[in-house]
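# Structural characterization, general
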Amino acid sequence: MTLRWSIILTLCLFSSRPLQAEKTSEAPPVQKPIAVVQSHYDKIDLILKKYRIPFDLVPYRDLEKPEFYEKHRSIFFPCGMETPIEDNLLVRSKGYFVQSVEMKGDYYEIDQNKVSESIKNYIREGGAAYFSGYSVDFLQDAFNPFDYFFDFPNSGLSGHVSLKLSPTLQKFSGKDSMKVLMDHSGWIAIKSLSRGDVLATGTFDTPRGTKSGPIIAHFTRKKGEFLYSSYHTRDPENDLMRYMVFRIAYRNLLQRLMKHTAKWEQGISDSVIDAIMNREQGRTYGVDVKSGKNTLYFTAEGGRFQVDLFDESQNLIFSLDHQESEFFQDFKSSDDARYTLRVFPSTSSEYIPFAVLIADGSRFIPYHTRVFYGAIAFLVLLVVITIFRMMYPRKFSTRTKVK
């Protein structure tokens, strides 16, 4: 190996060209649909309809089918999932009078252990899921994340519950606390959780006095994630429901942006997934940034948006208005701080989901760790070859021509 070829190979290692700082043009892959399991209590499907989020409404029995999990990118397991009682009853009547009521011969009850195992595999392999209320049974069988007061899950009494929101929900809703109504007794009261993040803590009444514990929690398991909430409502204007629905339904948008941070080996400081609803002029969020170089990444499923970023003193850092639905912008921060992010839609961009990701670190060379260690390995190889040539010069000598 000559010195000329060594120089050429070294230049090839370092000749990676960074992306343009205005946009990313990679076409998004075709996404799997969202599923909502039919339920009696938590009508999360009504909220998705209000948000204009397309979904498949699937019967309870489908939870046993492997193809159900393979087909969907996100699944909502709401409170009150069960086979409707009327599906298992045979009613005979004559005119206005009921003659008899009996169980059908094909009465069917799903295998909960089988379903819980399928849920566990689905999440670990990259799925996103929402659970609420009594669907906790499947979650406990799959991951056992909760401990209960008095070793009994259904100890919450009806009434108003004061919630203290985590920084994640504070930044999304603009509120530190919230009061919600638990409209029935026997709701799931959690004492503590393991390997997860508490998003909202509640103070509530139980038969044995006032207690405090997690109400909403977020978990990651291997490639996937899930949310659990003891509280649910049919109100689409509720910020808690809004956060949970978009976080699970459009996790794929955030994953799209995370590919860019992986390429530049940046850390993730904060993220937002949301949409602008009808009659909303825009949305405002708090976002955390790190000291030094940062990047704001934005992506949406179409439409056109304006993105403004303000520092702690509400000084405008930048304002972006692009024709493209995916773009990014670098900026610097003098210290760790909480900035203000504002997103405004064009008239044709209402209800279009979007994701914003704040990443810390420079974007000088893509995959710079690989490049660095690759260069080290190449230099070591070059030194070994040079030493070998010095020790065994005859093996590298050219043949003399015979006249």
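Residues numbered from 1 in each chain as written. Predicted model: local features only at pLDDT ≥ 70, side-chain atom pairs only at ≥ 80, totals over all residues. Heavy atoms only, no water.

### Points about the overall build of the protein
Secondary structure assignment for the protein yields nine helices and 21 strands. Relative to its full complement of 403 residues, the protein shows a buried share of 45%. For the protein, long-range pairs separated by at least 24 residues make up 71% of all intrachain contacts whose partners lie at least 6 apart in sequence. Counting only carbon and sulfur atoms, one obtains 52% of the accessible surface of the protein, whose full area is about 21900 Å². (Helix = DSSP H or I, 4+ residues; strand = E, 2+ residues; numbered from the N terminus. Buried < 20%, exposed > 50% of the residue type's maximum accessible area, 1.4 Å probe, protein only. Contact = heavy atoms within 4.5 Å. Areas by Shrake-Rupley, 256 points an atom, 1.4 Å probe, with all protein chains shown as cover.)

### A closer look at the confidence of the model for the protein
When the pLDDT values of the protein are averaged, the result is 87; 81% of them are 70 or greater. Long-range and interchain partners of residues 13-22, a stretch whose pLDDT sits below 50, account for 26 contacts in this model, where long-range means more than four residues apart. (pLDDT = per-residue confidence, 0-100.)

### Some points on helix 4 (residues 112-124)
An α-helix turns once every 3.6 residues. As a result, residues three or four positions apart point the same way. Between its first and last C-alpha atoms helix 4 spans 18 Å; for 13 residues at 1.5 Å apiece the expected length is 18 Å, and the two agree. Those residues of helix 4 not exposed but buried are Val115, Ser116, Ser118, Ile119, Lys120, Tyr122 and Ile123. Tucked inside the fold, the buried residues of helix 4 contact helix 3 (66-71), strand 3 (74-77), strand 6 (128-132), helix 5 (136-143), strand 12 (209-221) and strand 13 (224-229). The distance from a side-chain oxygen at the start of helix 4 to the backbone nitrogen of Asn113 is 3.1 Å, and the residue carrying that oxygen is Asp111. Directly beyond the C-terminal end of helix 4, a positive phi value near 120° is found at Gly126. (Expected span 1.5 Å × (residues − 1). Polar contact = N/O pair within 3.5 Å; in protein donor to acceptor, adjacent residues only side chain to side chain.)

### Quick word on the packing of helix 4 against helix 5
Taken N-terminus to C-terminus, the directions of helix 4 and helix 5 make an angle of 70°; their axes are 8 Å apart at the nearest point. Between helix 4 and helix 5, the crossing angle belongs to the class labelled roughly perpendicular. The handedness of the crossing between helix 4 and helix 5 is right-handed. Contact residues: helix 4 offers Gln112, Asn113, Val115, Ser116, Ile119, Lys120, Ile123 and Arg124, while helix 5 offers Asp137, Phe138, Asp141, Ala142 and Phe143. Looking at the contact of helix 4 with helix 5, its residues break down into six nonpolar, three polar and four charged. (Axes fitted to C-alpha atoms, helices over the stretch in contact; angles between N-to-C directions. Parallel < 35°, antiparallel > 145°, perpendicular 65-115°, else oblique. Left-handed = near helix turned anticlockwise from the far one by under 90°. Nonpolar A, V, L, I, M, F, W, Y, C, P; charged D, E, K, R; others polar.)

### Points about unusual backbone geometry
Phi is positive for Arg52, close to 60°, though the residue is something other than glycine. Of note, Arg52 is situated in the loop between helix 2 (44-50) and strand 2 (56-58). Residue Arg52 is classed as exposed on the basis of its relative accessible area, which comes to 56%.

### Here we look at helix 7 (residues 239-249)
Extensive coverage of helix 7 is indicated by the burial of 11 of its 11 residues. Within helix 7, burial applies to Asp239, Leu240, Met241, Arg242, Tyr243, Met244, Val245, Phe246, Arg247, Ile248 and Ala249. Near the N-terminus of helix 7, the side chain that reaches the backbone nitrogen of Leu240, with its oxygen 2.9 Å away, is that of Asn238.

### Structural notes on the packing of aromatic side chains
Tallied over the full model, the rule gives 24 aromatic pairs. Plain terms: the ring middles of Phe298 and Phe327 are 5.0 Å apart, the flat faces sit at 15° to each other, and that makes the pair stacked. Pair noted here: Phe298 is in strand 16 (residues 292-300) and Phe327 is in strand 19 (residues 326-333), with a separation of 29 residues, a long-range link. Each ring, one from Phe318 and one from Phe331, has its centre 5.8 Å from the other, and the planes form 55°; the classification is tilted. Of the two residues, Phe318 is situated in strand 18 (residues 316-321) and Phe331 in strand 19; the sequence distance between them amounts to 13 residues. Classification of Phe331 by relative accessible area gives buried; the value is 6%. An aromatic cluster of at least three residues, connected via ring pairs, comprises Phe77, Phe131, Phe143, Phe146, Phe219, Phe226 and Tyr228. A cation over a ring is seen here: Arg208 above Phe150, with NZ or CZ 4.7 Å from the ring centre. The ring centre of Trp264 lies 5.2 Å from the NZ or CZ of Arg363, which sits over that ring. (Phe/Tyr/Trp six-rings, centres within 6.5 Å; stacked < 30°, edge-to-face > 60°. Lys NZ or Arg CZ within 6 Å of the ring centre and 35° of its normal.)

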